[in-house]
Amino acid sequence: LICPSRFLRVRSRDRSPPEAVIVVSNSSPLITLARIGRLELPRQLFERVHLAEEVWREVVVQGAGRPAAQALQGADWIETHPATDAAEMLRLRGAHPLGAGELATVTLARTLRADLAIIDERAARRLAQAEGVAVMGCVGLLETGFRRGLVPDLGKCYQDLVAQGIRIDRQILNRSLASCGLPLI
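What counts as what
- Residues numbered from 1 in each chain as written.
- Predicted model: local features only at pLDDT ≥ 70, side-chain atom pairs only at ≥ 80, totals over all residues.
- Heavy atoms only, no water.
- Helix = DSSP H or I, 4+ residues; strand = E, 2+ residues; numbered from the N terminus.
- Contact = heavy atoms within 4.5 Å.
- Polar contact = N/O pair within 3.5 Å; in protein donor to acceptor, adjacent residues only side chain to side chain.
- Buried < 20%, exposed > 50% of the residue type's maximum accessible area, 1.4 Å probe, protein only.
- Axes fitted to C-alpha atoms, helices over the stretch in contact; angles between N-to-C directions.
- Parallel < 35°, antiparallel > 145°, perpendicular 65-115°, else oblique.
- Left-handed = near helix turned anticlockwise from the far one by under 90°.
- Nonpolar A, V, L, I, M, F, W, Y, C, P; charged D, E, K, R; others polar.
- Pairing = 2+ DSSP bridges.
- Salt bridge = Lys/Arg side-chain N within 4 Å of Asp/Glu carboxyl O.
- Core = buried A, V, L, I, M, F, W, Y, C linked by side-chain atoms within 4.5 Å.

1. A few points about the environment of Arg-147
- If you trace the backbone, Arg-147 turns up in helix α8 (residues 138-147).
- Along the chain, Arg-147 and Cys-180 lie 33 residues apart, while their C-alpha atoms are 7.9 Å from each other.
- Aside from chain neighbours lying at most four places away, what touches Arg-147 is Ser-179 and Cys-180.
- For Arg-147, the side chain forms a polar contact with the side chain of Ser-179, separated by 3.1 Å.

Quick look at the structure:
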């Protein structure tokens, strides 16, 4: 298990600048957070989030008119990177049955030597971990936000995930709630 707090910006008492943390995200966590009104959480936790061009297209172009697309269009905390090389994408697709966004996210995380990749999809998480990239999903972000005082009602957020039809195992949600000393859903 990854300790989410090790990826958070930390300020010392002497007011020195926060430690730079490189965070890359896939599309589904951003879309999920937007659907429950928590898209600002990655910015609050990390200040800047890097996206592969493929992920930007999934969220903003293909998702035009949806909450995440509208919010990300003007987001100054998102840094978009050029699309993954076509030959590299073909090679990766041959070895891993994942979408372009997931593969581009893992590739970008590896290229930037990211401290963290925000990925929800299980197979993509495994690939990132095999590539030496630490991962966290929506549940980890929300729990971290709760522990930092940025998410006042974690149980309500998890209920919103369920109500929105987001596919997250209820056991994962309940383990998170139990670790925070909160009632289960």
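2. Section: the environment of Thr-107
- With respect to the helices, strands and loops of the structure, Thr-107 is situated in helix α6 (residues 100-112).
- Exposure remark for Thr-107: the relative accessible area of 9% places this residue in the buried category.
- With 22 residues separating them along the chain, Thr-107 and Asp-85 place their C-alpha atoms 9.9 Å apart.
- Among residues more than four places away in sequence, those in contact with Thr-107 are Thr-84 and Leu-92.

3. Concerning the packing of helix α3 (residues 53-61) against α6
- Two numbers describe how α3 lies on α6: the axes approach to 8 Å, and their chain directions differ by 140°. Comparing the axis directions of α3 and α6 gives the class oblique. Regarding α3 and α6, the two cross each other, and that crossing is left-handed. For the pair formed by α3 and α6, the contact residues are Glu-54, Val-55 and Glu-58 on the first element and Ala-100, Gly-101, Ala-104 and Thr-105 on the second.
- Its residues placed into classes, the contact of α3 with α6 shows three nonpolar, two polar and two charged.

4. What to know about the pairing of strand β2 (residues 49-52)
- Because side chains alternate across β2, one face comprises the buried residues Val-49 and Leu-51, and the other comprises His-50 and Ala-52, equally buried.
- Sheet analysis places β2 next to strand β3 (residues 78-81), joined by four bridges and oriented parallel. Along β3, the bridge assignment pairs Ala-52 with His-81.

5. A few points about the pattern of salt bridges
- The final tally for this structure, using the stated rule, is eight salt bridges.
- In this structure, Glu-143 and Arg-147 form a salt bridge, with 3.1 Å as the shortest nitrogen-oxygen distance. Residue Glu-143 and its partner Arg-147 are located together in helix α8, separated by four residues, close to a single helical turn.
- Salt-bridge contacts for Lys-156 lead to Asp-160; the nearest nitrogen and oxygen are separated by 2.8 Å. In this pair, Lys-156 and Asp-160 are both assigned in helix α9 (residues 154-163), four residues apart and thus about one turn of the helix distant.
- Of the residues examined, Lys-156 reaches a relative accessible area of 42% and is grouped as partly exposed.
- One continuous salt-bridge network, built from bridges that share partners, spans Glu-88, Arg-91, Arg-110 and Glu-131.

6. Structural notes on the nonpolar core
- Counting 56 residues, the largest nonpolar core has Leu-51, Leu-72, Ile-78, Leu-141, Leu-142 and Tyr-158 as the members making the most contacts within it.
- Not counting residues within four places of it along the chain, the set of residues in contact with Leu-51 comprises Ser-25, Leu-30, Trp-56, Leu-72, Ile-78, Glu-79, Thr-80, His-81 and Leu-108.

7. Details of α8
- Burial within α8 is extensive, with eight of its ten residues counted as buried.
- Restricting attention to buried positions, one finds in α8 the residues Cys-138, Val-139, Gly-140, Leu-141, Leu-142, Glu-143, Thr-144 and Gly-145.
- Those residues of α8 hidden inside the fold are in contact with α1 (27-35), α2 (41-46), β4 (116-118), β5 (135-136), α9 and α10 (170-179).
- Gly-149 lies just past α8 and shows a positive phi near 80°.

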